[in-house]
Amino acid sequence: MDFSVKKLASDAGVFFSRAVQFTEEKLGQAEKTELDAHFENLLARADSTKNWTEKILRQTEVLLQPNPGARIEEFLYEKLDKKIPVRNTNADLLGQYMIEAANEFGPGSPYGSTLIKVGETQKQLGGAERDFMHSASVNFLTPLRNFLEGDWRTISKERRLLENRRLDLDACKARLKKAKAAEAKAALWSEEVEKAEHELRVAQTEFDRQAEVTRLLLEGISSTHMNHLRCLKEFAEAQATYYAQCYQYTLDLQKQLGRFPGTFVVNSPHASSPPVSPTSAATIPVVSAVAGASNNTTTVDSMLNLSDVKPPSSGTRKARVLYDYDAADSSELSLLADELITVYSLPGMDPDWLIAEKGNQKGKVPVTYLELLS
């Protein structure tokens, strides 16, 4: 019991001494041991790393899960060490509603069959989104959290210890200074000065040891940056994979919808960049016959001889070129933005393409590069 009382009294004395030293420093009445410039730079770098890691972590969480209620639920599951339930994405729900609507309207009807195709694509997009969210969470968010909840907590603990050691050191310096001043006035015995000097040596040793431990941890921030760099690359790769999957799914859907009869696509005159590939259906009336062409299932593209193709007497239209287009082969026609050309289609021709003429030049062009004029 006596030992416990003495320890409590000792701890209270140390706490009081530190509080007095801290207060006098703030009031400018006591000297403060300053850390070297390199150490201060390490501290500033560590603080910056912690602050920006927190911001990046929080905003990435918002990116992956915009719903704040869902984020709180996931946080609670994580803290309770329970498996987070699989949650449908918005695309999943949209796809589900579309398919259910198609079943009610009739899956064999044009509207119903289109709903099914679009709904299935939405489910594919939802699956890709879930894969991306899982990959980003495991490979990017988890390492950031591990740093904040692991390494940073250790650094913070050692920094607090270092600050306490510094306060103890400066308190010992102050006591030694007062003891020497009192000794000079014969107010204290020399034993008091020797005691203060011993306490100062002990405090200096403890401060130096703690400073070295803290310095090593702070220098480890460079390794943290390298680890986060690798995680950042993995995050970018996961994001690229996700968007590539989304592009492919929607591109396939466009191609499916473009094959439906009676489909009309309006090219926006305000588009700012060219499409990746032509996928829209043609809006030109198809002429009934052309020399050398047949109406069987063989596509015109495979047997097209541009020198034999003649513009139909009806069914031609004017079009304005939206973007520059470089011909991929001799059967295509290169275009420049804002050119006016004449276009028409042929029986059995891929609906994503038209025959274009400008001057004496003739060739295939993608529909998505054109604004069809009335």
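Residues numbered from 1 in each chain as written. Predicted model: local features only at pLDDT ≥ 70, side-chain atom pairs only at ≥ 80, totals over all residues. Heavy atoms only, no water.

Q: Would you mind going over the overall build of the protein with me for this structure?
A: Check the secondary structure of the protein and you find 7 helices and 5 strands. The secondary structure elements of the protein, listed N-terminal to C-terminal, are α-α-α-α-α-α-α-β-β-β-β-β. When each of the 374 residues of the protein is scored for burial, the buried share is 34%. Here the analysis covers contacts within the protein between residues at least 6 apart in sequence; of these, 70% occur between residues at least 24 apart. Looking at the protein as shown, the accessible area adds up to about 23000 Å², and 55% of this sits on carbon and sulfur atoms. (Helix = DSSP H or I, 4+ residues; strand = E, 2+ residues; numbered from the N terminus. Buried < 20%, exposed > 50% of the residue type's maximum accessible area, 1.4 Å probe, protein only. Contact = heavy atoms within 4.5 Å. Areas by Shrake-Rupley, 256 points an atom, 1.4 Å probe, with all protein chains shown as cover.)

Q: Mind showing me how you'd approach the sheet that holds strand E1 (residues 317-321) here?
A: As a general point, the strands of a sheet are linked pairwise by backbone hydrogen bonds and lie either parallel or antiparallel. On the basis of which strands lie adjacent, the open sheet formed by 5 strands has the order E4-E3-E2-E1-E5 and antiparallel pairing. Strand pairing shows two members of the sheet lacking a second neighbour, strand E4 (361-366) and strand E5 (370-372), which therefore form its edges. The average angle at which neighbouring strand axes cross in this sheet is 40°, direction not considered. The pairing of strand E2 (residues 340-344) with strand E3 (residues 353-358) spans 3 bridges and is antiparallel. Residue pairing in the sheet places Val 343 in a bridge with Ala 356 of E3. (Pairing = 2+ DSSP bridges. Axes fitted to C-alpha atoms, helices over the stretch in contact; angles between N-to-C directions.)

Q: Looking at this structure, I do not really get the layout of surface pockets. What am I missing?
A: Here the idea is plain: a probe the size of a water molecule rolls over the atoms and shows the empty space left. Volume-wise, the largest pocket comes out at about 1200 Å³. In this structure, the largest pocket is lined by 37 residues; those nearest its centre are Gln 65, Glu 74, Ile 84, Met 133 and Ser 137. Per element, the largest residue contribution to the lining of the largest pocket is 13 residues, and it comes from helix H5 (residues 110-184). Partitioning the lining of the largest pocket into residue classes produces 13 nonpolar, 8 polar and 16 charged. Roughly 270 Å³ of internal volume is contained in the second largest pocket. Among the secondary structure elements, those contributing two or more residues to the lining of the second largest pocket are helix H1 (2-26) and H5. (1 Å grid on protein atoms, 1.4 Å probe; cavity = no way out; pocket = protein on both sides within 12 Å on 5 of 7 lines; lining within 4 Å. Points joined across faces, edges and corners; volume = space filled by probe spheres on them. Nonpolar A, V, L, I, M, F, W, Y, C, P; charged D, E, K, R; others polar.)

Q: Please explain the pattern of salt bridges as it appears in this structure.
A: Pairing between side chains becomes possible if they bear opposite charge and their charged atoms approach one another. Overall, the coordinates contain 15 salt bridges when judged by the stated rule. Among the salt bridges present, the one from Arg 320 reaches Asp 338, with a minimum N-O distance of 2.8 Å. Highlighted residues: Arg 320 in strand E1 and Asp 338 in the loop between E1 and E2, separated in sequence by 18 residues. The exposure class assigned to Arg 320 is partly exposed, which follows from its relative accessible area of 22%. Each member of the salt-bridge network shares a partner with another, and the members are Arg 58, Glu 61 and Arg 145. (Salt bridge = Lys/Arg side-chain N within 4 Å of Asp/Glu carboxyl O.)

Q: Explain the side chain of Asp 168 to me, please; I cannot follow it from the model alone.
A: Counting through the fold element by element, Asp 168 comes out in helix H5. Discounting residues that sit within four places of it in the chain, Asp 168 has contacts with Val 14, Arg 18 and Ala 203.

Q: Looking at this structure, I do not really get the nonpolar core. What am I missing?
A: The tendency in soluble globular proteins is for nonpolar side chains to be buried as a group. Counting residues in hydrophobic clusters, the biggest one holds 37 residues, and the most contacted among them are Phe 39, Leu 64, Phe 132, Phe 140 and Leu 218. Listed by contribution, the elements that provide at least two residues to this core are helix H2 (37-64), H5, helix H6 (190-219) and helix H7 (221-258). The leading source of residues in this core is H5, at 17 residues. Discounting residues that sit within four places of it in the chain, Phe 140 has contacts with Ile 56, Thr 60, Ser 135, Cys 231, Leu 232 and Phe 235. Counting 21 residues, the second largest nonpolar core, distinct from the first, contains Leu 335, Val 343, Val 365 and Tyr 369. (Core = buried A, V, L, I, M, F, W, Y, C linked by side-chain atoms within 4.5 Å.)

Q: Help me out: how do you make sense of the pairing of E4 in this one?
A: Side chains on a regular strand alternate between the two faces of the sheet. Relative to E4, E3 is paired through 6 bridges, and the arrangement is antiparallel. Among the inter-strand pairings, Ile 355 is bridged to a residue of E4, identified as Lys 364. A loop of 2 residues connects E3 with E4, the two strands running antiparallel in sequence, and Gly 359 in this loop sits at a positive phi of about 65°.

Q: It is not clear to me how the packing of aromatic side chains should be interpreted in this structure. Could you clarify?
A: In this description, an aromatic ring pair is defined by two values, namely the gap between the centres and the angle between the planes. Following the criterion strictly, the structure yields 8 aromatic pairs and no others. Between Phe 105 and Tyr 111, the aromatic rings sit 5.5 Å apart at their centres with planes inclined by 25°, giving stacked as the arrangement. The exposure class assigned to Phe 105 is partly exposed, which follows from its relative accessible area of 49%. Note on Tyr 111: relative accessible area 51%, which makes it exposed. Ring geometry for Phe 140 and Phe 235: centres 4.8 Å apart, planes at 25°, overall stacked. Taken together, the residues Phe 140 in helix H5 and Phe 235 in helix H7 connect sequence positions 95 residues apart. Given the relative accessible area of 4%, Phe 140 is considered buried. Taking relative accessible area as the criterion, Phe 235 reaches 12% and is therefore assigned buried. A network of ring pairs unites the aromatic residues Phe 132, Phe 140, Phe 235, Tyr 242 and Tyr 243 as a single cluster. Lying over the aromatic face of Trp 52, Lys 55 brings its terminal NZ or CZ to 4.5 Å of the ring centre. (Phe/Tyr/Trp six-rings, centres within 6.5 Å; stacked < 30°, edge-to-face > 60°. Lys NZ or Arg CZ within 6 Å of the ring centre and 35° of its normal.)

Worth remembering: the numbers are spatial, not functional.
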